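Residues per chain, in single letters:
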Amino acid sequence: MDEKASPTCGLPFPGDTGEPPWARIWERRRAAAGLPWPSTLLVALFVVVGTGFAEAKGHPEIREQLDALGRTLLVVPPVFLLLRLRWPVPALIGTTAATLFYLGAGYPYGPVLLPMVVAVFSAVVAGHRRAAWWAAGVFWTGHVLLSHWLYAYLPPDGDSAAPWAKELVVAAWMAVVLAGSELLRVRRVEWARAAAERAAAARRRADEERLLIARELHDVLAHSLSVIHVQAGVGLALLDRDTEQARTALTAIKAASKEALGEVRQVLDSLRAPGDAPRAPAPGLDRLPELVDQAASAGLAVTVDRAGPPAALPPGTDLAAFRIVQEALTNVVRHSGSRTAAVRISYETARLSLRIDDAGPATGSDAGGSGNGLAGMRERAAGLGGTIEAGHRPDGGFTVLARLPLKPKETP
């Protein structure tokens with residue numbers, strides 16, 4: 001498997017989305033829709049301390065000394081960031097307006113634009129791209145107005161227009177922030193799509209595993225219970241007048257039930273943690289004599305004919321071939337008036353052909369396998385890239401013809 005999986009059904013563990021850890025943490029925080037106090041407090045401290053350093057060093061952009069109002073205005077943009085997970089657009093608008101108001105008051109720059117970076121980033125990643133681009137455009141336009149027109153009416157006195165090169169720097173800075181945010185948004189979409197594809201693939205594998213287990217249980221139980229049903233009827237009919245035949249029927253019931261329990265246990269063992277070796281090999285055509293003996297105990301005489309040089313079969317093909325013969329003979333026992341059946345196994349160059357015939361006639365309204373038996377056989381054959389043909393013959397008999405490739409079908 002490509003991802004971590006639970007030991008029973010192949011589904012990925014919760015949180016296994018393929019995203020980097022920091023992206024998963026951010027998504028969980030956003031899903032919780034709480035107030036991001038730690039990160040906001042960190043941003044506020046960085047802005048206040050950094051701007052204080054800029055003021056202490058006498059940065060040439062400093063126009064007004066930080067006072068109580070200036071420090072208050074420094075904290076307002078980070079306060080709006082508390083809303084960025086639940087309401088990213090209002091947080092972006094408030095941060096943009098508060099930052100422009102701070103700059104218009106003539107206080108030092110420092111890292112005062114950091115809250116804008118966080119707000120734009122949060123809005124874009126949350127899917128509000130248009131709002132983020134509008135906010136960036138409004139901020140740059142407001143900065144141009146403050147630096148080249150409104151500066152004459154705002155503190156400090158005697159201030160001059162900022163150089164246009166500075167506006168280009170601010171525009172480039174906003175472009176970098178937007179581009180980085182868009183890149184992360186696209187990556188998150190890709191991560192989400194990949195996670196959805198992995199989850200869908202895991203669900204398909206789980207469905208296939210459940211279908212395989214259900215099919216195995218059906219084939220095992222249907223065959224064994226059919227034999228048990230027939231032998232129980234024989235035993236009840238002969239219990240009083242022929243105890244020896246009744247004993248034989250009970251012995252057959254015991255053997256069939258023991259084998260059924262063993263195969264059911266083997267199927268259930270497949271639900272254990274991956275990597276554990278199975279406790280018993282999967283049945284194959286080498287166990288066909290046992291199947292013939294079981295059918296004989298139910299009163300069905302089976303002849304087996306082989307054509308072509310025997311070839312080593314892939315495990316999946318060998319198991320499917322055994323189950324198809326088993327289900328076909330079960331249907332003969334349950335739905336046919338014939339007490340004979342013929343099995344022909346043909347080893348061809350690229351495929352294995354199985355033909356199971358009974359002379360008929362069919363008995364009961366569901367004769368001919370209208371239930372899940374034939375559907376299960378077709379699913380087995382289709383899973384290997386093979387085919388199943390089944391139907392009544394003009395003479396009243398019934399034939400099942402299976403063609404299975406000797407090379408397993410490659411799964412995408």
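Please read these numbers as outputs of a predicted model, since none were measured by experiment.

Enquirer: Any chance you could explain the overall build of the chain here in plain terms?
Expert: Scanning the chain from N- to C-terminus turns up 11 helices and 5 strands. Here the chain holds 412 residues, and 43% of them are scored as buried. Put simply, 71% of the contacts in the chain that link residues at least 6 apart link residues at least 24 apart. Total accessible area computed for the chain in this model is approximately 22,100 Å², and 64% of it derives from carbon and sulfur atoms.

Enquirer: Just to check I follow, could you spell out the pattern of salt bridges for this structure?
Expert: Pairs can form between side chains of opposite charge once their charged atoms are near each other. All told, the structure shown has 10 salt bridges when counted by the stated rule. The shortest N-O distance in the salt bridge between E182 and R129 comes to 3.0 Å. Taken together, the residues span a long stretch of sequence, with E182 in helix α7 (residues 164–238) and R129 in helix α6 (residues 129–148) at a distance of 53 residues. Its salt-bridge partner being D305, residue R344 comes within 2.3 Å of it at the nearest N-O pair. In this pair, R344 sits in strand β2 (residues 340–347) while D305 sits in strand β1 (residues 301–307), placing the two residues 39 residues apart along the sequence.

Enquirer: It is not clear to me how the packing of helix α4 (residues 88–104) against α6 should be interpreted in this structure. Could you clarify?
Expert: When two helices pack together, their arrangement is captured by the angle between the axes and the distance separating the axes. Here α4 crosses α6 at 10°, and the two axes come no closer than 10 Å. Accordingly, the angle class assigned to the pair α4 and α6 is roughly parallel. Touching V89, L92, T96, T99, L100, L103 and G104 of α4 are A131, A132, A135, V138, F139, G142, H143 and L146, all from α6. The residue makeup of the contact of α4 with α6, split by class, is 10 nonpolar, 5 polar and no charged.

Conventions and cut-offs
Residues numbered from 1 in each chain as written. Predicted model: local features only at pLDDT ≥ 70, side-chain atom pairs only at ≥ 80, totals over all residues. Heavy atoms only, no water. Helix = DSSP H or I, 4+ residues; strand = E, 2+ residues; numbered from the N terminus. Buried < 20%, exposed > 50% of the residue type's maximum accessible area, 1.4 Å probe, protein only. Contact = heavy atoms within 4.5 Å. Areas by Shrake-Rupley, 256 points an atom, 1.4 Å probe, with all protein chains shown as cover. Salt bridge = Lys/Arg side-chain N within 4 Å of Asp/Glu carboxyl O. Axes fitted to C-alpha atoms, helices over the stretch in contact; angles between N-to-C directions. Parallel < 35°, antiparallel > 145°, perpendicular 65-115°, else oblique. Nonpolar A, V, L, I, M, F, W, Y, C, P; charged D, E, K, R; others polar.

Purely spatial values, then, with no claim about function.
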